[in-house]
Amino acid sequence: MNPQGYDRMRQLEDWYWWFVARRAAALRFAADFQPRRTPLRVLDAGCGTGALLDHLERWPDVEVYGLDFSGQALAYTRQRGHCRLVQGDLTCLPFPDGTFDVITALDVVEHIREDEGALREVNRVLRPGGVFLVSVPAFRFLWGPHDAALRHFRRYTAGEIAALMRRTGFRVSKLTYLLALLFPAFVAQRLLTKLRPNAENPQAQLIRVGKLLNRFLIGLQGLELAVARRLSLPFGATVFCVAQKPFPKPHG
């Protein structure tokens with residue numbers, strides 16, 4: 001992400017509906033699937049400007065760490081009062097094997113060329129029975145200037161994420177699309193953007209909304225999340241996956 005992108009993230013991350021909905025999904029699924037042991041050690045891999053860390057630290061008996069490639073992002077996160085922060089790369093995590101119980105990577109994996117290598121590293125630093133929560137943008141046909149501006153390498157289908165998880169040693173516990181109710185609007189917006197390309201100066205597309213509409217969209221995504229906890233939604237602008245590192249099989 002370019003430096004202006006982190007400035008904008010810090011301005012929007014606490015209240016803009018898209019960030020709020022993504023964070024709510026991560027917290028809800030983490031609560032549903034987290035290992036039943038204490039204390040929990042949690043890593044937000046690709047923590048950005050730190051909003052998810054604020055919420056994770058409210059859990060009881062938890063030790064929360066943040067990792068990001070960007071020093072600028074970590075500087076913003078320190079301003080929130082977080083101190084367990086590491087600058088690093090998801091493909092070479094600076095932690096011993098089996099360090100964490102829960103790892104989140106929200107809209108991070110699509111930024112990494114070697115996505116399979118990154119997930120093997122996540123698997124390495126998870127404890128057996130640990131949980132990995134990941135969100136990624138969905139469907140290659142939605143590729144556009146937004147992806148170029150954010151320096152994505154790819155968009156995924158749910159099937160591609162499930163296969164990637166299996167290849168890297170995970171067992172999928174939950175797999176669903178999100179932003180399904182708004183999916184027609186996403187498709188229309190992306191198709192219109194392709195009709196007016198701006199290849200020289202691609203821009204990330206976070207549409208301005210008023211307070212009432214923002215509140216409505218947060219509520220709408222809350223209703224969708226309640227459904228997605230029980231059913232796997234068949235389409236949407238985001239793929240969300242919860243995967244577990246299996247316990248080793250007993251010998252003999």
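Because the structure is predicted, anything quoted here is derived from the model rather than measured.

Before we go on, may I ask you to explain the overall build of the protein chain in this structure?
Counting secondary structure elements, the protein chain contains nine helices and seven strands. The C-alpha radius of gyration computed for the protein chain amounts to 18 Å, which stays within 12% of the reference 18 Å derived for 252 residues, consistent with globular compactness. Its C-alpha atoms put the protein chain at 60 × 40 × 35 Å along the principal axes. Burial analysis of the protein chain (252 residues in total) assigns 52% to the buried set. At a minimum sequence separation of 6, the contacts of the protein chain that also span at least 24 residues come to 76%. Carbon together with sulfur atoms contributes 58% to the accessible area of the protein chain, which is approximately 12400 Å² in total. In the protein chain, 34 positive and 23 negative side-chain charges are present, and the distance between their average locations comes to 5 Å.

Could you clarify how one ought to interpret the side chain of Asn214 in this entry?
By the element assignment, Asn214 lies in helix α9 (residues 211–228). Residues in contact with Asn214, not counting those within four places in the same chain, are Trp15, Tyr16, Trp17 and Val209.

Mind showing me how you'd approach the sheet that holds strand β3 (residues 85–87) here?
Pairing is mixed in the open sheet, where seven strands are placed in the order β3-β2-β1-β4-β5-β7-β6. The strands lining the two open edges of the sheet, one partner per strand, are β3 and β6 (171–178). Each strand axis lies, on average, 15 degrees off the axis of its neighbour in the sheet, ignoring direction. Sheet contacts for helix α4 (residues 71–79): β2 (62–68) and β3; angle to β3, the most-contacted strand, approximately 170 degrees. Relative to the sheet, helix α7 (residues 158–167) contacts β5 (126–137), β6 and β7 (238–244), its axis offset from that of β6 by approximately 160 degrees.

Honestly, the packing of helix α5 (residues 115–125) against α7 in this entry has me stumped. Any pointers?
When two helices pack together, their arrangement is captured by the angle between the axes and the distance separating the axes. Orientation of α5 relative to α7, taken along the N-to-C sense of each, is 55 degrees, at an axis distance of 9 Å. Overall, the two elements α5 and α7 adopt an arrangement that is oblique. Crossing of α5 against α7: the hand is right-handed. Residue-level inspection shows Asp115, Glu116, Leu119 and Arg120 of α5 in contact with α7, the latter providing Leu164, Met165 and Arg167. Partitioning the contact of α5 with α7 into residue classes produces three nonpolar, no polar and four charged.

Looking at this structure, I do not really get the packing of aromatic side chains. What am I missing?
Between two aromatic rings, the relevant description is the distance of the centres plus the angle of the planes. Counted under the stated rule, the structure contains 12 aromatic pairs. Between Trp15 and Tyr16, the ring centres sit 5.9 Å apart and the planes meet at 80 degrees, which makes this aromatic pair edge-to-face. A relative accessible area of 42% places Trp15 in the partly exposed class. These aromatic residues form a ring-pair network of at least three members: Phe139, Phe141, Tyr177, Phe183 and Phe235. In this structure, Arg140 is placed above the aromatic ring of Trp143, and the distance from its NZ or CZ to the ring centre is 4.7 Å.

Which parts of the structure should I look at to understand α9?
Every α-helix carries 3.6 residues per turn, so stepping three or four residues along brings you back to the same face. Taking 1.5 Å per residue, 18 residues should reach 26 Å; α9 reaches 25 Å between its end C-alpha atoms and fits that length. Within the sequence span of α9, burial applies to Asn214, Leu217, Leu220, Gln221, Glu224, Leu225 and Ala228. Along the axis of α9, the buried positions cluster into a sector of 145 degrees, meaning they face one direction only. Relative to its buried face, α9 has exposed residues pointing more than 90 degrees away, namely Lys211, Leu212, Arg215, Phe216 and Leu223. Tucked inside the fold, the buried residues of α9 contact α2 (17–33) and β6.

What counts, and at which threshold
- Residues numbered from 1 in each chain as written.
- Predicted model: local features only at pLDDT ≥ 70, side-chain atom pairs only at ≥ 80, totals over all residues.
- Heavy atoms only, no water.
- Helix = DSSP H or I, 4+ residues; strand = E, 2+ residues; numbered from the N terminus.
- Rg over C-alpha atoms; globule rule 2.2 N^0.38 Å.
- Buried < 20%, exposed > 50% of the residue type's maximum accessible area, 1.4 Å probe, protein only.
- Contact = heavy atoms within 4.5 Å.
- Areas by Shrake-Rupley, 256 points an atom, 1.4 Å probe, with all protein chains shown as cover.
- Lys, Arg positive; Asp, Glu negative; His and termini not counted.
- Charge placed at Lys NZ, Arg CZ, Asp CG, Glu CD.
- Pairing = 2+ DSSP bridges.
- Axes fitted to C-alpha atoms, helices over the stretch in contact; angles between N-to-C directions.
- Parallel < 35°, antiparallel > 145°, perpendicular 65-115°, else oblique.
- Left-handed = near helix turned anticlockwise from the far one by under 90°.
- Nonpolar A, V, L, I, M, F, W, Y, C, P; charged D, E, K, R; others polar.
- Phe/Tyr/Trp six-rings, centres within 6.5 Å; stacked < 30°, edge-to-face > 60°.
- Lys NZ or Arg CZ within 6 Å of the ring centre and 35° of its normal.
- Expected span 1.5 Å × (residues − 1).
- Arc of directions from axis to C-beta.

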